[in-house]
Amino acid sequence: MTIRPHALARAENTTHAWLHTVAQELGSDDPEFTFRAVRTWLHCVRDRLTVESAAHLAAQLPELLRGVFYDGWSPSRVPTKADAEETAERFAHEAMIPLGEVHPVAAAVTAAMREQFSPGQLDTTFANLPVRLRALFEPDPDRAPGGDGRTGGRGEQTAERVPSQRNRAEAAVNERLADFERHLQALTEAVRVLAVGMEEVPVDEPSTQRAARAARRAHQLLLAAGREL
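All figures in this text were calculated on a predicted structure; none of them were measured in a lab.

(A) Just the nonpolar core, in detail. Counting 40 residues, the largest nonpolar core has Trp41, Leu42, Leu61, Phe91, Met113, Phe117 and Phe137 as the members making the most contacts within it. At the level of elements, helix 1 (5-26), helix 2 (31-46), helix 3 (51-58), helix 4 (63-70), helix 5 (84-95), helix 6 (102-116), helix 7 (121-126) and helix 8 (131-137) are the ones that each hand at least two residues to this core.

Following this line, the structure appears as structure tokens:
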């Protein structure tokens, strides 16, 4: 059978157009990285879908990307039970990027794919995913529209891009440190109040009563600090 060259050219051109859209979202001029990101995205999403849902999604892909989609697929083993953490680790390994870049890269691919699929297709597809896994692939609500805040080169993040998992982790650590500092200040004040109450000073009030009142005050300070934390 003779395959007309222009038939293959159309398939290649369509695939290149899709990959170009993804590359723009990623802010990358590295075609190999772009292809790895797309292939990994397709496989990670595919393996969490039922056979029917995967078929619906694949039907809208260009022919060459459809082949990538089905490469290595085992319909008897889907949907897998991989959670968000396992999927992120797989994405990082297959796309060859740091774990902290998984969300921004996956979200950029999602944004580009949403432009190519029919309206509502990805929403229907992602509705089959657990909430935390869906959040891994979806752009953050405050993400700038295409054109700004994209990753550069091999998925390098810029200041305008959605926060990476690393940034969110650092923010969580900073918040816990601030909580610890407030707790420490409350404890210091409670110890000071208790120490003053225990001091032997010439006053009319019996020392036992003074100490008891100081202990109650220290206890109240610690309770108040606990409610704030």
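(B) Examining the packing of helix 3 against helix 4 more closely. Orientation of helix 3 relative to helix 4, taken along the N-to-C sense of each, is 155 degrees, at an axis distance of 10 Å. The angle between helix 3 and helix 4 places the two elements in the roughly antiparallel class. Pair helix 3 / helix 4 crosses with right-handed handedness. On helix 4, the residues touching Ala54, Ala55, Leu57 and Ala58 of helix 3 are Arg66, Phe69 and Tyr70. Here the contact of helix 3 with helix 4 is composed, by residue class, of 6 nonpolar, no polar and 1 charged.

(C) How the structure looks around the packing of aromatic side chains. For the structure shown, the criterion picks out 6 aromatic pairs. Taking 6.5 Å as the distance between ring centres and 90 degrees as the angle between the ring planes, the aromatic pair formed by Trp41 and Phe137 counts as edge-to-face. Taken together, the positions of Trp41 in helix 2 and Phe137 in helix 8 put the pair 96 residues apart, joining distant regions of the chain. Here the aromatic rings of Tyr70 and Trp73 are separated by 5.2 Å at their centres, their planes lie at 50 degrees, and the arrangement is tilted. Ring-pair connections join several aromatic residues into one group, and the members of that group are Trp41, Phe126 and Phe137.

(D) The arrangement of the side chain of Thr15 in detail. Relative to the helices and strands, Thr15 resides in helix 1. A polar contact is formed between the side chain of Thr15 and the backbone oxygen of Ala11, at a distance of 3.0 Å. Excluding its chain neighbours within four sequence positions, the residues that come into contact with Thr15 are Pro62, Leu64 and Leu65.

Calculation notes
Residues numbered from 1 in each chain as written. Predicted model: local features only at pLDDT ≥ 70, side-chain atom pairs only at ≥ 80, totals over all residues. Heavy atoms only, no water. Core = buried A, V, L, I, M, F, W, Y, C linked by side-chain atoms within 4.5 Å. Buried < 20%, exposed > 50% of the residue type's maximum accessible area, 1.4 Å probe, protein only. Helix = DSSP H or I, 4+ residues; strand = E, 2+ residues; numbered from the N terminus. Axes fitted to C-alpha atoms, helices over the stretch in contact; angles between N-to-C directions. Parallel < 35°, antiparallel > 145°, perpendicular 65-115°, else oblique. Left-handed = near helix turned anticlockwise from the far one by under 90°. Contact = heavy atoms within 4.5 Å. Nonpolar A, V, L, I, M, F, W, Y, C, P; charged D, E, K, R; others polar. Phe/Tyr/Trp six-rings, centres within 6.5 Å; stacked < 30°, edge-to-face > 60°. Polar contact = N/O pair within 3.5 Å; in protein donor to acceptor, adjacent residues only side chain to side chain.

Fair warning: the whole summary comes from geometry, so function is off the table for now.
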